[in-house]
Every structure is written in structure tokens, then in C-alpha cells.
Amino acid sequence: MPDTPFVPAPVIVGDEPGSFPHGVLAERHPAIVRQVRDAFPLDPPRRHALDALLASCADGVVEPLPADADPTGRDRDRWARWGMDAYAGRSWYDVPWLWAESHFYRRLLDAVGYFGPGAWQGVDPFRPAKLAELDAPETDQELAALEDLDRMPADERGRALLHGSLWGNRADLGFRLSDRGTGTGDEAAALVADDSDALWSLLPVPGAGTPDGGPATLCLVADNAGRELVPDLLLVSHLLAEGRVDRAVLHVKPYPYYVSDATPTDVLDALRRLVTAGGAAAAHGERLWAALTDGRVTVRAHPFSCAPLPYADMPGDLRADFAAATVTVLKGDLNYRRLVGDRWWPPTTSFADVTGYFPGAVAALRTLKSDVVTGLDAKTEAALEASGERGWRTSGTHALVQVRC
Ligand SMILES: O=P(O)(O)OC[C@@]1(O)O[C@H](CO)[C@@H](O)[C@@H]1O
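Residues numbered from 1 in each chain as written. Predicted model: local features only at pLDDT ≥ 70, side-chain atom pairs only at ≥ 80, totals over all residues. Heavy atoms only, no water.

- The name an unreviewed UniProt entry assigns to the chain is Damage-control phosphatase ARMT1 family protein, from the organism Streptomyces hyderabadensis.
- We quote the UniProt Cofactor (unreviewed entry) comment for the chain here in full: "Mn(2+)".
- Under the UniProt heading Sequence similarities (unreviewed entry), the note attached to the chain is "Belongs to the damage-control phosphatase family. Sugar phosphate phosphatase III subfamily." (UniProt positions renumbered as here; feature names shortened; annotations may be inferred.)

**Description of the domain arrangement of the chain**
Then step 1. Under the domain assignment used here, the chain contains domain 1 (20-125) and domain 2 (130-404).
Then step 2. For domain 1 versus domain 2, the distance between C-alpha centres works out to 28 Å.
Then step 3. Of the residues lining the interface, 19 residues belong to domain 1; the matching set on domain 2 comes to 23 residues.
Then step 4. A buried area of about 1,700 Å², summed over both sides, lies between domain 1 and domain 2, and 69% of it is on carbon and sulfur atoms. (Domains from an automatic or database assignment. Contact = heavy atoms within 4.5 Å. Buried area = accessible area lost by both parts, 1.4 Å probe.)

**Describing the environment of Asp321**
Then step 1. You can see Asp321 is positioned in helix α15 (residues 316-323).
Then step 2. Between the C-alpha atom of Asp321 and that of Ala39, which follows or precedes it by 282 residues, the distance is 37 Å. (Helix = DSSP H or I, 4+ residues; strand = E, 2+ residues; numbered from the N terminus.)

**Thoughts on helix α14 (residues 279-294)**
Then step 1. Its 16 residues give α14 an end-to-end C-alpha distance of 23 Å, which sits within 8% of 22 Å, the value for a rise of 1.5 Å per residue.
Then step 2. Along α14, the residues that are buried comprise Ala280, Ala281, Ala282, His284, Gly285, Leu288 and Ala291.
Then step 3. Phi turns positive, to about 90 degrees, at Gly295, one or two residues after α14. (Expected span 1.5 Å × (residues − 1). Buried < 20%, exposed > 50% of the residue type's maximum accessible area, 1.4 Å probe, protein only.)

**A few points about the sheet that holds strand β7 (residues 399-404)**
Then step 1. Here 7 strands make up an open sheet; going across it, the order is β1-β7-β6-β5-β2-β3-β4 and the pairing mixed. At either margin of the open sheet sits one strand with a lone partner, and together these are β1 (191-194) and β4 (297-300). Shown here is a sheet whose adjacent strand axes are inclined to one another by a mean of 15 degrees, direction ignored.
Then step 2. With 4 bridges connecting them, strand β2 (residues 217-221) and strand β5 (residues 327-331) associate as parallel partners. Across the sheet, residue Leu218 finds its bridge partner in β5, namely Val327.
Then step 3. Strands β1, β5, β6 (362-367) and β7 of the sheet are contacted by helix α9 (residues 154-168), whose axis makes an angle of about 60 degrees with β6.
Then step 4. Docked against the sheet, α15 engages β2, β3 (247-251), β4 and β5, running at close to 145 degrees with respect to β3. (Pairing = 2+ DSSP bridges. Axes fitted to C-alpha atoms, helices over the stretch in contact; angles between N-to-C directions.)

**Topic: the confidence of the model for the chain**
Then step 1. For the chain, the average pLDDT comes to 91, and 94% of its residues sit at 70 or higher.
Then step 2. Within the model, the stretch residues 172-185 combines pLDDT values under 50 with 43 contacts to residues more than four positions away or in other chains.
Then step 3. The ipTM for the predicted assembly is 0.95, set against a pTM of 0.94. (pLDDT = per-residue confidence, 0-100.)

**Notes on the pattern of salt bridges**
Then step 1. The final tally for this structure, using the stated rule, is 21 salt bridges.
Then step 2. For the salt bridge of Arg37 with Asp51, the shortest nitrogen-to-oxygen distance reads 2.7 Å. Residue Arg37 is located in helix α1 (residues 20-39), and its partner Asp51 is located in helix α2 (residues 44-59); the two are separated by 14 residues in the primary sequence.
Then step 3. Judged by relative accessible area, which is 23%, Arg37 ranks as partly exposed.
Then step 4. Asp51 gets classed as partly exposed once you look at its relative accessible area, which sits at 31%.
Then step 5. Here Arg296 ties to Asp294 by a salt bridge, and the two come within 2.8 Å at their closest N and O atoms.
Then step 6. Using a relative accessible area of 31% as the deciding quantity, one classes Arg296 as partly exposed.
Then step 7. Residues joined in a network through salt bridges with shared partners are Asp75, Arg78, Arg106 and Asp110. (Salt bridge = Lys/Arg side-chain N within 4 Å of Asp/Glu carboxyl O.)

**Some remarks on the pairing of β5**
Then step 1. Across the 5 residues that make up β5, a large majority, 5, are buried.
Then step 2. Residues Val327, Val329 and Lys331 of β5 are buried on one face, and the alternating residues Thr328 and Leu330, pointing to the opposite face, are buried as well.
Then step 3. Here β5 pairs with β6 via 4 bridges, running parallel. Bridge pairing in β6 links Val329 to Ala363.

**Observations regarding the site of the ligand**
Then step 1. Neighbouring the ligand are 14 residues; Glu101, Asn169, Asp333, Arg337 and Lys369 lie closest to it.
Then step 2. Between the ligand and the protein, one listed contact pairs an oxygen atom with a side-chain N or O atom of Asp223 at 2.9 Å.
Then step 3. Here an oxygen atom of the ligand sits 2.9 Å away from a polar atom, N or O, in the side chain of Asn224.
Then step 4. In isolation the ligand offers 380 Å² of accessible surface; the protein chains occlude 93% of this area.
Then step 5. Of all the secondary structure elements, the ones that give two or more residues to the shell around the ligand are α1, α5 (97-111) and α16 (332-340).
Then step 6. With 4 residues, α16 is the single largest residue contributor to the shell around the ligand.
Then step 7. For the shell around the ligand, the two domains that each supply at least three residues are domain 1 (20-125) and domain 2 (130-404). (Near = heavy atom within 4 Å. Polar contact = N/O pair within 3.5 Å; in protein donor to acceptor, adjacent residues only side chain to side chain. Areas by Shrake-Rupley, 256 points an atom, 1.4 Å probe, with all protein chains shown as cover.)

Here you go:
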């Protein structure tokens, strides 16, 4: 650790018109409310609640969850612990952007009656979009590409599937992108940081065992469902088949979140998509199905996975989960923001420094879709800033693989 004091950068807030965070609150969230409103034949009370949320997005304030926010009251208690009292009554644009976004999605679920009681209890408002993506013809093509992959040497196949999981975060199964897994395609230029070799070094080769002699365990903190979750599952299947891991714990969201984030239902949908696809895809699906039934793969849906907070605030049981893993891999942009802290870090801030709190080895596989970034070398930062690509931080055209051993 450097001897210079480690001073956290300012927390990202969406209060600057024209900024990306402000645009998400002022434009993207209203668009999502309208999308949900149009996707379901909701009854008048639910539509009224959505219209109220829509109005609030423009110039409203954070409102406490209603008394019937969930039948058990447990979620209200959690949100009280997560800062509800501190932010209630304040503008969406004046509280931490991460907190405002996460609270918006919790209010959206309230508006559609997700937490019930009522007909819509437990109905994922984003399910039509998730299923459409999973059933898209492009997915057939992408799964068919697995036949070629199966003919590659295992290491090359592993690299291609790692790329697939990485670029799947842009909802485009990247193993078609990778130039035969050697990373010499255009995705290498789009990688602003690539610690892939360090990640592979953390996963023991068959027979090498782990430093503590226990089972090699991968914790994969998933992000989006559909065409990101499928390559994530393919990577897990490959690592199991090649003996690079003995166990995997797949962390998903306990309820719908940020439109496309994966829930246990989405895991089943993705698994069924693999099993029914035939060929190499079905072989992966059957392997995962067997691993789920014999306990080598487990699915967790911890409440903190939907918290509006950085992972630095994670509870002890989740910390213990990650500490027990050989490596924890966090997928996607939102998990990256929560891992490093949603702050205006200078891009050359050390990734190891900002993740020093995280128990056990940790890796991030992320396409850049928001401003926060750390761990870049000065040359890369200068080249990106000089490139004239204003959106390199937020457009999803660039990605990173970062590891802290
Ligand atoms: O976690 P993902 O799915 O990769 O990306 C989610 C995300 O980038 O989409 C929103 C707009 O960019 C952000 O709020 C959030 O970080």
C-alpha cells in the first residue's frame, strides 16, 4: 500500500445537467417507467402509481417506501438501514447517484405491485424484454458458434469464453468477437485494462490444488440476464469441465433490478435455453444442470445484492462468502461501481487500493457504461482522452479485466 494517505474521491451525484448521471435520472428513468407502463395491462391504481413515479423523476424527491412496501416489512427495515431516513425528502439529484438509481428501481417495483399483495405480486416488470432477448435469433447464432469453440484447445477456448463473458456485458456474446481467443481482434484495442493472465493464474490447473488445500471455488457476482448470463454460465461450465474450479457460487439479484439484472428465474430461463439448444450448448446446459443438482454450483440471491450501497458496506455473511472463494468475479458496470465506490476517482487510482477492503482475491469484468474508472495506466488514460472519443467511459465500447490478488 502506498504511504501516501488514501483519500476517497468525491461521491458521484447526478446534480449537473448535461452529465451522464443527470441524464440517467432525468431521461433514462422516465423512459423505463413508460416502457413498463406500455408492456403491461396494469389496472388504474398501478398506472397511477407509475404516473406518480414518472412525475417524481423530473423534479421530485426521494420518498420513503409506503407502509405496505412489502408484506413482511423486512425490506422497509433494510432500506431504513441503507439510508432511507437520511435521503427521504431530498431531490433525486442531490443524493448519491448510486443510491438514487437503486431507490428508483425499488419504487418502480412498488408501483407495479411486485411486492404485492395482488395479482402482480412477484411478476418481473422487465421479463418481456428479458425473454425477447433470450429468444432472439442472434442468440441462436451465438450458441451455434460454440461448436467451433469446442474444437479449440482448452486454453484458447477458455480465453474465448472469458471474452464472451466480458463482452456479454454489452449484451453481445463476445466469443464471436475474439479472434480465435487470442485477443488480437478489435476487442483487444477496446480493453483499457487487461489482467486476464492474473485471473487465470488464480484458477488452479487440474491437480495443482489451492493454497489452502480446499476446493477451488469461484464466486461469480452476475449482472444482466439473457445474453450476458448465458456466456457467464458457459464460462462456469468450462471451468468446471476443465477442473479449473471445483465449485461455483452464482450470486444473482433477489428481485428485478436495473432493468436486466439476473434473478433466480432468469438463471432457470438461461439454463433451459442452453439445454434445449442442442449441440455444444446443450452439453454445457446439462453439465450445469447436474452441477446444480449435486451442489457443485449453488445460486445465491442475497438482499445486499439489491442494496443502494458500495460493497465496502457489505454485511458479514456476504463478506464470509467472498472470503471463502478462490476468487470472486464481479460482472458488469453497476457491480464495478459498487466494488470500487461510485466516486470521481482519477482513472489512474490503483484498483488494488480501492478494493483493498474486499475479502479474498477479486476480479472485475466490465464494459464501461458509466463515468467511474480506476486502475488505468497514465499512457492509456492519455490516449483515451486524446482519442476524441468523448463516450469512452459510458458508451460500452471499452472494457476492462482487473484483478486484485
Ligand atoms: O451493470 P450493467 O448492466 O453493466 O450497467 C448498468 C448501468 O451502467 O446502466 C446504467 C446507465 O449506464 C448505470 O446506472 C448502470 O451502472
